[in-house]
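Given next are the chains, with one letter for each unit.
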Amino acid sequence: ANATDTTATDTETGATATPMGFGRMHRKEDARFIRGRGNYVDDVRLPGMLHGAILRSPHAHARILSVDASAAEAHPGVKAVITGETLAGMDLAWMPTLSGDVQAVLATDKVRFQGQEVAFVVAEDPYTARDALELIEVDYEPLEPVIDARRALDEGAPVIRDDVEGRTGNHIFDWEAGDREQTDAIFERAEVTVAQDMLYPRVHPAPLETCGAVADFDRVTGKLTVWCPTQAPHAHRTLYALVAGLPEHKIRVISPDVGGGFGGKVGIYPGYVCAIVGSIATGRPVKWMEDRSENLMSTAFARDYHMRGEIAATRDGKVLAIRVKVLADHGAFNGTAQPTKFPAGFFGVFTGSYDIRAAHCEVTGVHTNKAPGGVAYACSFRITEAVYLVERMMDVLACELDADPAELRMKNLIRPERFPYTSPTGWEYDSGDYPRALRLALDMVEYDKLRAEQAERRRDGGPLLGIGISFFTEAVGAGPRKHMDILGLGMADGAELRVHPTGKAVLRVSCQSQGQGHETTFAQIVAAELGVSPDDVEVVHGDTDQTPFGLGTYGSRSTPVSGAATAIVARKVRERARLVAAAMLEASPDDLEWSVSEAGGRWSVQGSAEHGRTIQEIAMAAHSNLELPEGVEGHLDAVTVYNPPNLTYPFGAYVCVVDVDPGTGQVKVRRFVAVDDCGVRINPMIVEGQIHGGLADGIGMALMQLMAFDEDGNHLGASFMDYLLPTSMECPSWELGETVTPSPHHPVGAKGVGESATVGSPAAVVNAVLDALRPYGVRHADMPLTPANVWSALQGTPIRT
Ligand code: MCN
Ligand code: CUM
């Protein structure tokens, strides 16, 4: 393919000439990324800009006896040193978290995790700022830490959050879903029950770009501008206004190009607040950028769910009920990002893709001396944990019944005629054809052949072959405003569309891409509705001064919510265009029909397509001296706010094939087949890219990743030497399949997909490894299945039969 000609057919990627709407096309934003012309926070350089650095706690739990910053203040080039005490004087030492808890911006009383923010130095350059950190003297009195969540509620456990009045322990919340009595009753009578404890370990989204901010407070105009890689610029602005008392219209949050978010850039971090305070204090712009270790140690982690799953079933493999108990480690501050009514995120969909009579789950959240977070890393608000649990449990049941895991799933999948399907915990799945997706995946991987090869290997010896299946359903696109909000802000999204006189358009949306390609796909949505080229639609996002209010990009909500808003605002423009066209054609609007041909979109008199006007002609007329009918405003601009009626429920069937070396425990992923159904695909190439990324995440979590701590709370994975990211070396050549079951309530039938593969793939990999280990009597082992873990699992059990 000719790399300089993006409109030519590219046989390698399958991208074709720019479509007039949906279809494969190269990402518009790639031109600047590939040429090094992206503009990230660290690229922002303002005249007179100062630099900040954060002093962090070396202890996981310690009382602060004193902080002496005088030597740092006296250091040449230092402009200000901000401590917890400074902030306390401004009532800013604590800030609200997205879960309604508070978090220390800079510690005043105690430090509660290793890496916690203690002081902030502002200096002429970043090196001076870092040097000066070493001159700050903090006197700590170390306290016993709580590291293991299972010990957090023990009698006599140190109380981490003694800042909260009346707090006597580390308990945060209890939450339950489903019907306990009904579930217990089924368990009592069931022919077969299985139970399994499992940990979904603490992992980290680890985006290539770390967090950072440039804050610029203009003392003359009173305007504060903050550049930071946030996934939710409008929510940040409103929170700054509410917390700091700054007038909201005087705050501008700009999220420029973002080098990956994966959920880790939803919240507000202490560094952002410190940069703002630093700018207000010095009257100059302040930049703060964290390094890799700071990112890994202090920003939003993911998972850390200790789960016990139980299934009740008939002897012939019909699943009747499922019961779950979870202990959730939320770290030192409850900072998870999730809708207010869902303290355990959307874990409530733990019945997965199966038609189950009854279900019940209990989740208990606790504090430990670790960094806050919990909802990040493409989790769809904890659906990662829910899918992992139910998909591991299905394999445990298959093991118990000596049943084939594919057949067991097929027997229990929700049938297509059951949609819309209400789950036992009250979620309404919008649409699906699950058996078709699973059948396609099994056909693609040639399942029977693999099982035959496995039987042969087990007979003849050699590397162990494992085949793992995972079937997932997600709930994405939060959410209906009456059920879902973040800190009281409803989860609806605005969109504005302007069509200029020559027919070129500008779309303004509230969501914010971190690499998902919105500048392309959202232009494609407008293009499909108006019959124009996506190249003629500019997408503006990530700047609160330029875009309408909305809650941002996470939980794969951009396409389900902002994408729907985009289709609807384009339809509004199209309807306005109908009225203008009617005036141009001297016809009644009711007599006009809309059509899109290769030449573009046009309104024409019914039955005579040649007697029509193109959208570009109509746009010019709408701005001209054409006399418009009474009540029809000129121009072709429109605005809308979209409040989704329901979530969208994408799903998929994944099969992973692994070879395991019994001598070393080394796992090699031989093949990975992923059949995804995210409804109508706007840009199949971008969808496939999203899936590729998520599958790599799954291999990372299943085989390599873990945020480990020693018993003193020292972080053992604060660099990429210890915290491992999957590379092409660990990934097979992905084999993708698709089915299309449109969402019945989304204007273009699309469902979200950005997190699907991260959610669905870890269970497939783990199931595959454990399937390989089955002859050794190993029923379960926790992630990450590193060679050492696999090897010890092999040693702890009977010799191969
Ligand atoms: N898309 C499509 N057709 C569909 C569904 C989606 O063409 N039926 C396109 C969308 O238009 C968009 C992309 O696929 O360009 C992802 O869309 P969507 O599923 O709506 O997800 P979001 O855009 O809301 O992205 C958020 C999601 C989340 S929550 C995480 S976490 C994650 C993910 O996206 N973080 C990412 N994928 C990521 N990809 C990159 N490169 N970087 C991240 O930080
Ligand atoms: Cu849970 S990670 Mo994404 O929702 O930004």
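This one's a predicted model, so the numbers in the text were calculated from it and none came from an experiment.

Side note on the site of ligand 2
Then comes step 1: Around ligand 2, the neighbouring residues are Gln231, Phe262, Gly263, Val375, Ala376, Tyr377, Ala378, Cys379, Ser380, Tyr554, Gly555 and Glu755.
Then comes step 2: For ligand 2, an oxygen atom lies 2.5 Å from a polar atom in the backbone of Gly555.
Then comes step 3: Looking at the shell around ligand 2 residue by residue, the classes come out as seven nonpolar, four polar and one charged.

Notes on helix H11 (residues 434–445)
Then comes step 1: Along its 12 residues, H11 runs 17 Å from first to last C-alpha, staying within 8% of the 16 Å computed at 1.5 Å per residue.
Then comes step 2: Of all the residues in H11, the buried ones are Tyr434, Pro435, Ala437, Leu438, Ala441, Leu442 and Val445. Mapping the buried residues of H11 onto a view down its axis gives an arc of 165°, with all of them on the same face.
Then comes step 3: On its buried face, H11 is in contact with helix H10 (405–412), strand S20 (428–429), helix H12 (447–460), strand S21 (464–473), strand S31 (651–660) and strand S32 (667–677).
Then comes step 4: Of the residues flanking the start of H11, the one acting as N-cap is Asp433, its side-chain oxygen 3.4 Å from the backbone nitrogen of Arg436.
Then comes step 5: Glu446, located one to two residues past H11, shows a positive phi value of around 60°.

Some points on the side chain of Asp493
Then comes step 1: Note on placement: Asp493 falls in strand S24 (residues 493–499).
Then comes step 2: Of the polar contacts made by the side chain of Asp493, one reaches the backbone nitrogen of Leu551; its length is 3.1 Å.
Then comes step 3: In this structure the side chain of Asp493 is engaged in a polar contact, spanning 3.1 Å, whose partner is the side chain of Arg557.
Then comes step 4: Once you skip the residues sitting within four places of it in the chain, Asp493 turns out to touch Ser510, Phe549, Gly550, Leu551, Gly552, Arg557, Val561, Ser562, Ala565, Thr640, Val641 and Tyr642.

Concerning the pairing of strand S3 (residues 78–83)
Then comes step 1: Counting buried positions along S3 gives five out of six residues, so the element sits mostly inside the fold.
Then comes step 2: Bridge analysis of S3 against strand S7 (residues 117–123) gives five bridges, and the strand direction is antiparallel. Looking at the pairing, Thr83 lines up with Ala119 of S7.

Things to note about the confidence of the model for the chain
Then comes step 1: Within the chain, residue pLDDT values average 95, and 97% of them lie at 70 or more.
Then comes step 2: Under a pLDDT of 50 for its full length, residues 1–9 has, in the predicted model, 11 contacts with residues more than four places off or in other chains.
Then comes step 3: Both scores are available for the predicted complex, with the pTM at 0.97 and the ipTM at 0.99.

What to know about the coordination of the copper atom of ligand 2
Then comes step 1: Exactly one protein atom donates to the copper atom of ligand 2; that atom is Cys379 (SG), 2.2 Å from the metal.
Then comes step 2: Mapping Cys379 onto the fold places it in the loop between strand S18 (373–374) and helix H9 (383–401).

Describing the nonpolar core
Then comes step 1: Membership of the largest hydrophobic core comes to 172 residues, with the highest contact counts inside it found for Phe346, Phe347, Val363, Leu703 and Leu773.
Then comes step 2: Among the elements that line this core, the one with the most residues is H9, at 12 residues.
Then comes step 3: Two domains each put at least three residues into this core: domain 1 (43–143 + 210–258 + 265–298) and domain 2 (301–478 + 646–795).
Then comes step 4: In this structure, Leu703 is in contact with Val667, Val669, Val765, Val769, Pro784, Leu785 and Thr786, ignoring residues within four places of it in sequence.

Quick look at the site of ligand 1
Then comes step 1: Around ligand 1, a shell composed of 33 residues is seen, among which Gly261, Gln516, His518, Thr559 and Val753 lie nearest.
Then comes step 2: For ligand 1, an oxygen atom lies 2.5 Å from a polar atom in the backbone of Val753.
Then comes step 3: Elements that contribute at least two residues to the shell around ligand 1 include exactly helix H13 (518–530), helix H14 (558–585) and helix H16 (684–703).
Then comes step 4: When grouped by side-chain class, the residues that make up the shell around ligand 1 number 11 nonpolar, 18 polar and four charged.
Then comes step 5: Taken domain by domain, the shell around ligand 1 gets at least three of its residues from each of domain 2 (301–478 + 646–795) and domain 3 (492–642).

Side note on the packing of aromatic side chains
Then comes step 1: This model, assessed by the stated rule, comprises 24 aromatic pairs.
Then comes step 2: On the basis of an interplanar angle of 75° and a centroid distance of 6.2 Å, the ring pair of Trp94 and Phe333 is categorised as edge-to-face. On the criterion of sequence distance, the pair formed by Trp94 in strand S4 (residues 94–96) and Phe333 in the loop between strand S16 (319–329) and strand S17 (358–366) is long-range, its members being 239 residues apart.
Then comes step 3: Residue classification places Trp94 among the partly exposed residues on the basis of a relative accessible area of 24%.
Then comes step 4: With centroids separated by 5.8 Å and ring planes inclined at 85°, the aromatic side chains of Tyr269 and Tyr272 adopt a geometry described as edge-to-face.
Then comes step 5: Look at Tyr269 and you get buried, because its relative accessible area is 9%.

Describing the sheet that holds S32
Then comes step 1: Pairing in this open sheet of four strands is mixed, and the strands run S21-S31-S32-S33 from one edge to the other. Two strands close off the open sheet at either side, each with one partner strand: S21 and strand S33 (735–738). Between one strand and the next, the sheet's axes are offset by a mean angle of 15°, whatever the strand orientation.
Then comes step 2: Bridging between S31 and S32 involves 10 bridges; their strand directions are antiparallel. Across the sheet, the residue bridging to Val660 is Val667, located in S32.

Describing the domain arrangement of the chain
Then comes step 1: According to the domain assignment, the chain consists of domain 1 (43–143 + 210–258 + 265–298), domain 2 (301–478 + 646–795) and domain 3 (492–642).
Then comes step 2: Taking only C-alpha atoms, the centre of domain 2 and the centre of domain 3 are 39 Å apart.
Then comes step 3: With 20 residues of domain 2 at the interface, the matching set in domain 3 holds 21 residues.
Then comes step 4: Where domain 2 packs against domain 3, one counts zero salt bridges.
Then comes step 5: Applying the counting criterion to the domain 2 and domain 3 interface returns seven residue pairs in polar contact (both at pLDDT 80 or more).

Structural notes on the sheet that holds S7
Then comes step 1: Spatial ordering of the open sheet is given by S3-S7-S1-S14-S11-S12-S13, a layout of seven strands whose pairing is mixed. Looking along the sheet, the strands with just one partner apiece sit at the ends: S3 and strand S13 (251–254). The sheet shows a mean angle of 20° between the axes of neighbouring strands, taken without regard to direction.
Then comes step 2: As judged from the four bridges shared by strand S11 (residues 212–217) and strand S12 (residues 224–227), these two strands associate in the antiparallel manner. Within S12, the residue paired with Val214 across the bridge is Trp227.
Then comes step 3: Packing against the sheet, helix H4 (residues 126–133) makes contact with strand S1 (50–56), S3, S7 and strand S14 (286–289), and its axis sits at approximately 25° to S1.

Examining the pattern of salt bridges
Opposite charge on two side chains permits them to pair, given that their charged atoms come into close proximity.
Then comes step 1: In total, this model carries 59 salt bridges according to the counting rule given.
Then comes step 2: A salt bridge links Asp162 to Arg63; its shortest N-O distance comes to 3.8 Å. You can see Asp162 sitting in the loop between strand S8 (137–142) and strand S9 (171–178) and its partner Arg63 sitting in strand S2 (residues 62–68), a full 99 residues away along the chain.
Then comes step 3: In this structure, the salt-bridge partner of Asp433 is Arg436, at a minimum N-O distance of 3.4 Å.
Then comes step 4: Salt bridges sharing partners connect three or more residues here, namely Arg63, Asp101, Asp109, Lys110, Arg112, Arg161, Asp162 and Asp163.

Scoring rules and cut-offs
Residues numbered from 1 in each chain as written. Chains lettered and ligands numbered in written order. Predicted model: local features only at pLDDT ≥ 70, side-chain atom pairs only at ≥ 80, totals over all residues. Heavy atoms only, no water. Near = heavy atom within 4 Å. Polar contact = N/O pair within 3.5 Å; in protein donor to acceptor, adjacent residues only side chain to side chain. Nonpolar A, V, L, I, M, F, W, Y, C, P; charged D, E, K, R; others polar. Helix = DSSP H or I, 4+ residues; strand = E, 2+ residues; numbered from the N terminus. Expected span 1.5 Å × (residues − 1). Buried < 20%, exposed > 50% of the residue type's maximum accessible area, 1.4 Å probe, protein only. Arc of directions from axis to C-beta. Contact = heavy atoms within 4.5 Å. Pairing = 2+ DSSP bridges. pLDDT = per-residue confidence, 0-100. Donors = N, O, S within 2.8 Å, 3.2 Å for Na, K, Ca; no water. Core = buried A, V, L, I, M, F, W, Y, C linked by side-chain atoms within 4.5 Å. Domains from an automatic or database assignment. Phe/Tyr/Trp six-rings, centres within 6.5 Å; stacked < 30°, edge-to-face > 60°. Axes fitted to C-alpha atoms, helices over the stretch in contact; angles between N-to-C directions. Salt bridge = Lys/Arg side-chain N within 4 Å of Asp/Glu carboxyl O.

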